[in-house]
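Listed below are the residues making up each chain.
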Amino acid sequence: MKRQLCLFSLLLVMLLSACSTTDSEKDDLINYINTELPKVAELEFEAIDSYGSVSGQNYTDDWTMYEIIDTVTIPAYEEFITKLESIRPKTEAVREIHEIYIEGSNAQLQGFKKIRVALEQQDYDKVFEANEHLDEGRAKIRQFQIKLEDLMHEHGVEYEDETL
């Protein structure tokens, strides 16, 4: 009887500690998506939107593209990354996902900087290199989004603000 009671107590302690770990991960995830990410989202949007305003079908000329990338896109994206890197998730699962976001964002920043250099030097080979960085960044950010959504689904967590 004592042995069964001890075994039951041990299982109960293990179960409770597992629940508290899950709760702290869920709490960290809720804080991450509803408090921390919204603090940096506007800067990222500003940078990406400014780049989109002078690239692709919105491209008009090299000088305009250079000016916007140099004065708006890169400064906003650098500030975004500085703030993104200052976010310190408490749990390992959220930290791992956050690190993917940082990696993707840094790759995109390198792409923007290489485009600026390519425009300065009128070197179209550098444009190709820049696009590789931008592609890598987008792939990492997609990976981040998928893993974040998987973790959110696992914990039954939703965004408070659907604009993210």
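Q: Looking at this structure, I do not really get the nonpolar core. What am I missing?
A: A general trend in soluble globular proteins is that nonpolar side chains are found buried together. By size, the foremost hydrophobic cluster in this structure holds 37 residues, and its most contacted members are Y32, I33 and L148. Only α1 (2-52), α2 (62-86), α3 (92-121) and α4 (124-155) provide two or more residues apiece to this core. Beyond its immediate sequence surroundings of up to four residues, Y32 is in contact with L37, P38, I87, P89, V94, H98, Y101, F144 and L148.

Q: Help me out: how do you make sense of the environment of N106 in this one?
A: Positionally, N106 belongs in helix α3. Spatially, the C-alpha atom of N106 lies 9.8 Å from that of E136, the residues being 30 residues apart in sequence. Ignoring sequence-local partners within four residues, the contact set of N106 consists of I81 and E85.

Q: Help me understand the packing of aromatic side chains, please; the structure alone is not making it clear to me.
A: Each aromatic ring pair is specified by the distance between its two centres and by the angle formed by the two planes. The full count for this structure, using the stated rule, is 6 aromatic pairs. On the numbers, 5.1 Å between centres and 55 degrees between planes, the contact of Y77 with F80 is tilted. In this pair, Y77 and F80 both sit in helix α2, 3 residues apart, roughly one turn of the helix. You'll find Y77 and F80 in the same group, each marked buried. A ring pair is formed by Y77 and F112, whose centres lie 5.3 Å apart and whose planes are at 85 degrees; its orientation type is edge-to-face. Of the two residues, Y77 is situated in helix α2 and F112 in helix α3; the sequence distance between them amounts to 35 residues. Take F112: its relative accessible area is 1%, and that puts it in the buried class.

Scoring rules and cut-offs
- Residues numbered from 1 in each chain as written.
- Predicted model: local features only at pLDDT ≥ 70, side-chain atom pairs only at ≥ 80, totals over all residues.
- Heavy atoms only, no water.
- Core = buried A, V, L, I, M, F, W, Y, C linked by side-chain atoms within 4.5 Å.
- Buried < 20%, exposed > 50% of the residue type's maximum accessible area, 1.4 Å probe, protein only.
- Helix = DSSP H or I, 4+ residues; strand = E, 2+ residues; numbered from the N terminus.
- Contact = heavy atoms within 4.5 Å.
- Phe/Tyr/Trp six-rings, centres within 6.5 Å; stacked < 30°, edge-to-face > 60°.

Taken by themselves, the reported measurements are silent on function.
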